[in-house]
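Structure at a glance
The lines below spell out each chain.
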Amino acid sequence: MLARLGTHLKFWYDATLLSYAQILFTKRHLTGWIALGVTFLDFKMGLAGCCAVLASNGLALLFKFNHDTIRTGHYGFNALLLGLALAYRYDLTGSLFILILVGSLLTLLVTVSLTSFMSYYVQLPILSLPFVLVTHLCYLAGTSATSLGLHPKFLSLIGNTLPVTVPSLLEIFFRAVGAILFIPSVEAGALIFLSLLLVSRLLAIFAVLGYAVGVVFLLGLGVAPEILNSGMFGVNLMLTAMALGGVFVIPSPWSYVLAGTGAMLCALMGLAGNALLGSSGLPLLTAPFIMTGLLVLYAMKFREFSPTLQLVTFLPGTPEENLDFAVTQVKRFGSYGGVRFSFPFYGEWTVSQGVHGAHTHKGPWSYAWDFLVHDETGQSFRHTGQQLTDYYAYQLPVLAPADGTVVEVVNWVEDNALGFINTKENWGNKVVLRHASQTYSVLAHLSPKSIRVRVGDMVRRGDCIGLCGNSGRSVEPHVHFQVQSGPDRLAHTLAPTFTRFLQRASADQPLVLVQQSGPETWMHVQNLNADDRLVSALSFPIGKCFRFQVHTATRTWEEKWVVTVDFSGTLFIESIPTGACAWIAINEGTFTVLSYMGHTETALFVLAIGASLVPLTYTEQLVWSDVLPYRYFSSRILRGAIEIVRPLLDLVTVDSQLRFERFADHPLAGGSVTACSVSTAITVKPVVGRWGHRIWKSVIVLDPIQGPCSLRLYAPNGTVKIEAQIIP
Amino acid sequence: MKERYERPIIQPQQPYQMNPFGRTAALEAMTAIESVAVSELVAQYGSPLFVFSERSLRHQYRAARRAFTVRYPKVQFAWSYKTNYLQSICAVFHQEGAWAEVVSEFEYAMARRQGIAGPHIIFNGPFKSKAALCRAVTEGAIINLDCTDELETMLDIADDLGRPLTVGFRVNLDAGLPQSWNRFGFNLENGEARDAVRLAVESGKLIVRGLHCHVGTFILDPEVYRRQAKKLTVFTQEIEADFGIELTYLDLGGGFASTNTLQAQYLAGEQITPSFDQYAEAICSELLALQSRPAGFPLLILESGRALVDEAGSLIATVVATKPLPIGMRGVVLDVGLNALYTATWYRHQVIPAQSFSGFMEESVVYGPLCMNIDVVRDTVMLPPLGLGDRVLIKPVGAYNTSQWMQWIQARPAVVLISEQGEVDLIRERETIEDLAHRERVPSRLGQSGAS
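Just so it is clear, the structure is predicted and the values come from calculations on it, not from any experiment.

As for the overall build of chain B
Each helix and strand counted, chain B has 13 helices and 20 strands in total. Structurally, chain B occupies a C-alpha span of about 75 × 70 × 45 Å along its principal axes. Residue burial in chain B is summarised as follows: out of 452 residues, 54% are buried. Just so you have it, chain B exposes about 20,600 Å², and 52% of that area is on carbon and sulfur atoms.

So, in structure tokens, the structure goes:
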């Protein structure tokens, strides 16, 4: 009973505070507390805001809207702004609260409808559009409501007396900040700005940038400076810069430019809006910000991908979090989203013609690959090569490169006899697959009558669709693969993203794990093949527990790992009693540690940095690399400095090189085990100079039965920092 | 330089008819192995001498692996130890990535001595003692049970250790071979194999992880493998569905033929031995039916031995005597025979002169040096007239000879390995009588006999 009460209280706690925090683009309770406190600098405003939030969230619960969405404050923040706006304009009377209640309901409904509409049709956030619409409606309605007294002018409760004289530019700035919550006083503004600083330095920087650029622009246009003091002009500039600089766009040098430009656009819109609505008595509120923001974000969707300026396509957080996510995810996994293609064959084949190839992969059809099989001497045939059956690739299974639907099948073209090519039926026998609305793939030159799928069939990655042949424009048996944006035969090719694969230049060169790019001409390539031993060594089924005896130089303790899943379906390992958490994923034949939270002196930390990325293909001496977040290795103060500069420059990079050692006997407490180990060298490198350059090493032994059974981390000076042994 | 003397020969000529035994140009002298002169090898290491080519070993392994990996996604080769025990040869295959397949406790110890980890050893064979099984269990080896007695022993071990054990079962089935090997493992067709799996599952102490099936040796028809693979695929699906188990491997054994020619075979081996690709296509096309299992494809394990090592081995021998046989043929006696060339009883090995010759041939019988009437290396072969001290090359002899050779009448010869760069390494010394005697314990009353 008490527990249920506790759950309810926690829910209301989250929903209320996060509604306040959402206005400032953050998800932190701290921001919510500060904002709440600021609104109560004027008791009337505070009360009104609170009532609006509680009303909106309460109504949402009543109408059974999505619980988790209510908790994030999504349904509350527009109502909060409405409450503040109404309290700003009207006296504190009973009718005000009636209006707030009804207004909150309206806001809720508008929020829900607009969110659904905009996320489906244009994939844009609603920002504070419901607030603007409903406030205007209420203001308009209020003109005929006589019991709502119009509050002549807002007077600060605290007054204009300040202990310290503040330069007037700052005063203007802080007043503008305060106006975000309808409290244009220096104290309110300072507190809000402080809360921004505490949560995200970048947000604060963008706010200042937006205001400064906007002011300069307006002064440049010769606009009277009094406009800056009126209404929410400054608010619009700041919100626009924050949104376009780091919240919905990944911070980068160009996002700063975009933020500044956005501020100018916003100023323009504001001026125009003032001229339009000035006479009607309706204030602009945050309309310029919304219009600028939505326009820019929508238009940006139609650019070609550019790594220097990218929209946030994942769940947005603070600019630092967005940047961190984009940088580490992109560096580690390449693009996020989109179809990833595997090779359409078993075993190791050779690329006989790659992108921008010498023969036919040119111009709009550049992104294509021809694959065939070579023996170790580099020949594609045995004996004399005068018969099709002499060719190693002939009649080998050809597989679907990704999940999809069959949209076209050509199955009747005869294989060319050697020495002839068929230019009339260029493609020969082919299968065209549709993977996504603008992603199709073609596999061509297959053997006649060998295609075993029909139009309309759904195939999975790796399903056999036919056999390799020599049909069409084919000199010797090979498979042609390309990805294009449409199903027709002359469609231009696209550059596909490949799943991780192994590549080597020749049979006596070592295999290399390729993570971002595609296969090159004359390279021998193969898909990652899940090795059962590694799959079971790195299997973390939900509920599994591990127990370790952990030693450091000073302490010894027992650490327990429990595997659970979070609400979004991501697996994570919780370390008890240290409280650390590591989020993991096992897909595309790779084990990955997505992120780690917690103290760095735990066995789980060693796993997070020593086995951050492990392909589940065992090849002795295989070497690969990964990128780790700098925050694992730097102090809080240093982290703050790194974060601020990060959009422009990476002050510290952390790269790791991982390698399999061969299966060998490893002594363990209570016996020994035959297992393979992953040894990792982690280089922490500052961008300037050698100060701070450190190399950490780790060795993790992976037993197919017990999993990670021994973990060891070596500090840069060579001593063992942490050592953990599994307790069977 | 003194010209080599070649003995004159007399051959009957049939007037007005073609002489089928006239001058033949089909045989060419082979004066070097992998560009190392035979004369140099003999000068340094003596005769007889086994010579292995590392390039051939690696090439065969890679060709076999390639043939299977482009047709099936999960392939593992396990080197069949009984084919060749030489540590250097085993090491080459392990370097290339092969596991170890052993058929006795004796061979198991060899594999461990070679440094192979327990989980990479496949323990087969009709005789596995309890001690051997215990060791295999402790070290995590893959155990394929051959009979119900072994099954009982494994249940006992499971009780002793107090934990469930993983096992595989050897099955025998009819794959269309005239002689089916039904003495090994559990029969598929009469339900014995299914019963064994059921016993294991119902005991609750054994986890069935795989099936092992090795249908024959020197199989020249890939269709045999197709039938075997198909039956195993169907059986796998049946037992997985009926008993709720999940197999992780299917071991299809070995038995691929080399280019040797069987005694009773009409056509030469090079003409009819199937390629690895033909064997692979027969096996893999059937196994692809297992794609729809929830666990995906099982691991295909292949225990090839002969096909990987036979062509890599040659034997240099020296002619020690020639005699005209009363039956009209020429008898050629070499310094090595069945004592080190057991496979001469199975195959018609090539016997190639290692020095140039005129081209006139005579019908010869090649004997070994043993005082045993059946010590015949080749019965009826056309050879040029050979004299004392002439060298011949006998090939392919890489499989089974250096594991089945006898310490009898002649010392076992030395073995060398020629690396891919052409360097020659001695990998096994020629034996002496000490190798024979050091294991003997003579009671003192029998002392040293002889004149007192």
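Additional details are given in the paragraphs that follow.
Description of the overall build of chain A
When helices and strands are counted, chain A shows 18 helices and 28 strands. Principal-axis analysis of the C-alpha atoms gives chain A an extent of 100 × 70 × 55 Å. When each of the 728 residues of chain A is scored for burial, the buried share is 53%. Considering only residue pairs separated by 6 or more positions, chain A has 63% of its internal contacts joining residues 24 or more positions apart. Both charge centroids of chain A, one from 47 positive and one from 44 negative side chains, sit 5 Å from each other.

Thoughts on the confidence of the model for chain A
Where the model shows low pLDDT, its predicted coordinates should not be examined in detail. Considering every residue of chain A, the mean pLDDT works out to 87; 95% of them sit at 70 or more. Under a pLDDT of 50 for its full length, residues 153-164 of chain A has, in the predicted model, 14 contacts with residues more than four places off or in other chains.

Some points on the pairing of strand 16 (residues 362-367) of chain B
Moving residue by residue along a regular strand, the side chains alternate between the two faces of the sheet. Residues and elements named next belong to chain B. Looking at chain direction, strand 14 (residues 330-334) and strand 16 are connected through 4 bridges and run parallel. Of the residues in strand 16, the one forming a bridge with V333 is Y367. Pairing of strand 16 with strand 17 (residues 376-383) involves 5 bridges; the strand directions are antiparallel. Note on strand 17: the bridge partner recorded for V366 is R378.

Let's talk about the domain arrangement of chain A
All names here are of chain A. In terms of domain boundaries, chain A breaks down into domain 1 (1-177), domain 2 (200-337), domain 3 (340-495) and domain 4 (533-726). When each unit is reduced to the centre of its C-alpha atoms, the spacing between domain 2 and domain 4 is 39 Å. The partner domain 4 presents 16 residues to the 15 residues of domain 2 that form the contact. For the pair domain 2 and domain 4, the two sides together bury roughly 1,400 Å², of which 61% comes from carbon and sulfur. Our count for the contact surface shared by domain 2 and domain 4 stands at 2 salt bridges. For the pair domain 2 and domain 4, the number of links is 2 residue pairs in polar contact (both at pLDDT 80 or more). Sorting the residues of the side of domain 2 that touches domain 4 by element identifies helix 10 (201-221), helix 13 (253-277) and helix 15 (319-333) as the ones contributing at least two each. Among the elements that make up the side of domain 2 that touches domain 4, the one with the highest residue count is helix 15 (8 residues). Within the side of domain 2 that touches domain 4, the residues separate by chemical class into 8 nonpolar, 2 polar and 5 charged.

Side note on unusual backbone geometry
In this structure, P577(A) follows I576(A) across a cis peptide bond, with omega equal to 5°. In this structure, P577(A) sits in the loop between strand 18 (571-576) and strand 19 (581-587). Residue S47(B) is joined to P48(B) through a cis peptide bond whose omega torsion reads -5°. Along the chain, P48(B) turns up in the loop between helix 1 (38-45) and strand 3 (49-53). The phi dihedral of K64(A) falls on the positive side, at around 60°, and the residue is not glycine.

Observations regarding the nonpolar core
Within the largest apolar cluster, 116 residues are counted, with the highest numbers of intra-cluster contacts made by F68(B), M154(B), F169(B) and I283(B). Those residues in contact with M154(B) that sit more than four places away from it in its chain are L133(B), V137(B), I143(B), L145(B), L165(B), T166(B), V167(B) and L206(B). Ranked by size, the runner-up nonpolar core spans 84 residues in total, among them I23(A), A241(A), M242(A) and F289(A).

A short note on the domain arrangement of chain B
Residues and elements named next belong to chain B. Domain assignment breaks chain B into domain 1 (32-52 + 311-431) and domain 2 (54-308). Taken over C-alpha atoms, the centre of domain 1 sits 33 Å from the centre of domain 2. On the side of domain 2, 25 residues touch domain 1, which itself brings 25 residues to the contact. With both sides pooled, the region where domain 1 packs onto domain 2 buries about 2,400 Å², and carbon together with sulfur makes up 48% of that total. In terms of surface lost to domain 2, no three residues of domain 1 exceed E311, R348 and E420, which account for 30% of the buried area on that side.

Digging into the interface of chain A and chain B
By a frequent convention, interface size equals the accessible area lost on bringing the separate parts together. The partner chain B presents 23 residues to the 25 residues of chain A that form the contact. Regarding the contact of chain A and chain B, the summed buried area is about 1,900 Å², with carbon and sulfur atoms giving 48% of it. In terms of surface lost to chain B, no three residues of chain A exceed Y346(A), E376(A) and D532(A), which account for 30% of the buried area on that side. Viewed at the interface, chain B and chain A are joined by 3 salt bridges.

Some remarks on helix 7 (residues 129-142) of chain A
Residue and element names in this part refer to chain A. For helix 7, with 14 residues, the first-to-last C-alpha span of 20 Å sits near the 20 Å given by 1.5 Å per residue. Across the 14 residues that make up helix 7, a large majority, 10, are buried. What helix 7 keeps buried is the set L129, P130, F131, V132, V134, T135, H136, C138, Y139 and G142. In this fold, the buried residues of helix 7 make contact with helix 5 (77-89), helix 6 (94-121), helix 13 and helix 14 (287-300).

Thoughts on the pairing of strand 2 (residues 349-353) of chain A
Residues and elements named next belong to chain A. Taking burial as the measure, the 5 residues of strand 2 include 5 buried ones, the bulk of the element. Where strand 2 meets strand 15 (residues 524-527), 2 bridges bridge the pair, whose relative direction is antiparallel. Bridge pairing in strand 15 places T350 opposite H524. As defined by bridge partners, strand 2 adjoins strand 3 (residues 368-372) across 3 bridges and the pair is classed as antiparallel. By the bridge assignment for strand 3, T350 is matched with L372.

Quick look at the packing of aromatic side chains
One pass over the full model with this rule turns up 62 aromatic pairs over all chains. Taking 5.5 Å as the distance between ring centres and 50° as the angle between the ring planes, the aromatic pair formed by F540(A) and F546(A) counts as tilted. By relative accessible area, which is 3% here, F540(A) ends up buried. You can call F546(A) buried: its relative accessible area is 2%. A ring pair is formed by F68(B) and F256(B), whose centres lie 6.0 Å apart and whose planes are at 35°; its orientation type is tilted. Taken together, the residues F68(B) in helix 2 (residues 54-69) and F256(B) in the loop between strand 11 (249-251) and helix 9 (269-272) connect sequence positions 188 residues apart. Using a relative accessible area of 1% as the deciding quantity, one classes F256(B) as buried.

Thoughts on a nonpolar patch on the surface
Residue and element names in this part refer to chain A. Side chains of L30, L191, L194 and L198 sit close together on the surface and give an oily, nonpolar patch of about 330 Å² of accessible area. Among the elements that make up the nonpolar patch, the one with the highest residue count is helix 9 (residues 186-199) (3 residues). Inspection of the secondary structure puts L191 in helix 9. You can call L191 partly exposed: its relative accessible area is 36%.

A look at the pattern of salt bridges
Applying the stated rule across the entire model yields 39 salt bridges over all chains. Of the charged contacts in the structure, one is a salt bridge between E348(A) and R504(A), with a shortest N-O distance of 2.8 Å. Of the two residues, E348(A) sits in the loop between strand 1 (340-341) and strand 2 while R504(A) sits in strand 13 (residues 501-504), which places them 156 residues apart along the sequence. Two residues, E362(B) and R330(B), come together in a salt bridge whose shortest N-O distance is 3.8 Å. A residue pair is termed long-range when its members are at least 10 positions apart, and E362(B) in strand 16 and R330(B) in strand 14 qualify at 32 residues.

Topic: the side chain of N401(B)
All names here are of chain B. As for its position among the elements, N401 is in helix 12 (residues 401-404). Polar side-chain contacts of N401 include one of 3.0 Å to the backbone oxygen of V397. Contacts of N401, omitting those with residues within four sequence positions, involve F50, A340, L341, Y342 and T343.

Reading guide: rules and limits
- Residues numbered from 1 in each chain as written.
- Chains lettered and ligands numbered in written order.
- Predicted model: local features only at pLDDT ≥ 70, side-chain atom pairs only at ≥ 80, totals over all residues.
- Heavy atoms only, no water.
- Helix = DSSP H or I, 4+ residues; strand = E, 2+ residues; numbered from the N terminus.
- Buried < 20%, exposed > 50% of the residue type's maximum accessible area, 1.4 Å probe, protein only.
- Areas by Shrake-Rupley, 256 points an atom, 1.4 Å probe, with all protein chains shown as cover.
- Contact = heavy atoms within 4.5 Å.
- Lys, Arg positive; Asp, Glu negative; His and termini not counted.
- Charge placed at Lys NZ, Arg CZ, Asp CG, Glu CD.
- pLDDT = per-residue confidence, 0-100.
- Pairing = 2+ DSSP bridges.
- Domains from an automatic or database assignment.
- Buried area = accessible area lost by both parts, 1.4 Å probe.
- Salt bridge = Lys/Arg side-chain N within 4 Å of Asp/Glu carboxyl O.
- Polar contact = N/O pair within 3.5 Å; in protein donor to acceptor, adjacent residues only side chain to side chain.
- Nonpolar A, V, L, I, M, F, W, Y, C, P; charged D, E, K, R; others polar.
- Core = buried A, V, L, I, M, F, W, Y, C linked by side-chain atoms within 4.5 Å.
- Expected span 1.5 Å × (residues − 1).
- Phe/Tyr/Trp six-rings, centres within 6.5 Å; stacked < 30°, edge-to-face > 60°.
- Patch = residues over 30% accessible without salt bridge, like charges linked within 9 Å, V, L, I, M, F, W, Y side chains within 5 Å.

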